[in-house]
Amino acid sequence: MTSRPNGEPLVRLSGVNKWFGELHVLQDIDLEIGRGEVVVVIGPSGSGKSTLCRAINRLEPIDKGEITIDGALLPEEGKELARLRADVGMVFQSFNLFAHKTVLENVSLGPVKVRKKSKGEAESRARELLERVGVASQADKYPAQLSGGQQQRVAIARALAMEPKVMLFDEPTSALDPEMINEVLDVMVGLAKDGMTMVVVTHEMGFARRAANRVVFMDGGRVVETAEPETFFTSPTSDRAKDFLSKILTH
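Residues numbered from 1 in each chain as written. Predicted model: local features only at pLDDT ≥ 70, side-chain atom pairs only at ≥ 80, totals over all residues. Heavy atoms only, no water.

Q: Got a sec to walk through the pairing of strand β10 (residues 222-227)? Specific residues and values, please.
A: Taken residue by residue, a regular strand's side chains alternate between the two faces of the sheet. Examined bridge by bridge, strand β9 (residues 214-219) and β10 share 5 bridges and lie antiparallel to one another. Paired with Val216 across the strands is Thr226, a residue of β10. Linkage of β9 to β10, two consecutive antiparallel strands, is achieved through a turn of 2 residues, within which Gly220 is found at a positive phi near 60°. (Pairing = 2+ DSSP bridges. Helix = DSSP H or I, 4+ residues; strand = E, 2+ residues; numbered from the N terminus.)

Written out as structure tokens, the structure reads:
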């Protein structure tokens, strides 16, 4: 894999803290993600991975610290936040497509509403993206007529249609049947190869090995270890990472 690109990091988290009541779910997180870098976040359930991912586009507000995207501080709310969210694509565990709109409408809606593109331009681009993720033939169907793997690929196309600077994936394959997982991961590997900046929370260690520049291992709300994939999987330095890997890599 390529080494980390130079220059100002695209995403920077400094001293980020988050509580849910008494529960301290993010503890003093410092993390920088360079342009074109693919960072895979792994760790046991409840380690704060998804909260970290959701904090990057302020779906989850933070209690302390700061997050910048491309040098700009995350705004609190309002139009600035909407504009920033347009720069940060998000793909969820559940596909979150509009059930009453066709696949084509799902992908072209955001660019028209937020990016102020013409309907024709947005639809033309949507068809290109649906082709890219391998579901061009499903453009006129509704989400319920598609398999889970197809729906998730549509969700990726929808996020890409906004021309985001960074893509966040929050366990994008965990709701899928096993035979559909690879069709989604293959699309993600393609994005990584094309230089998309990505933060991916996943249990798919094979994807981490194939596509990540860095693995970030979280436990108990903290970043415990960060390393290149090969180093992390073959010789993790922390006991917690060793324990985690021994449980998942032996099955």
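On we go.
Q: Explain the confidence of the model for the protein to me, and be specific about the residues and the numbers.
A: Residues at a pLDDT of 70 or more form 96% of the protein, whose mean pLDDT is 91. Scored below 50 in pLDDT, residues 1-5 makes 11 contacts in the model with residues more than four places away or belonging to other chains. (pLDDT = per-residue confidence, 0-100. Contact = heavy atoms within 4.5 Å.)

Q: Describe in detail the side chain of Thr51, supporting the description with residues and values.
A: As for its placement among the helices and strands, Thr51 is situated in helix α1 (residues 49-55). Looking at Thr51, the relative accessible area reads 12%, which means it is buried. Residues in contact with Thr51, not counting those within four places in the same chain, are Lys18, Phe20, Val25, Leu26 and Glu60. (Buried < 20%, exposed > 50% of the residue type's maximum accessible area, 1.4 Å probe, protein only.)

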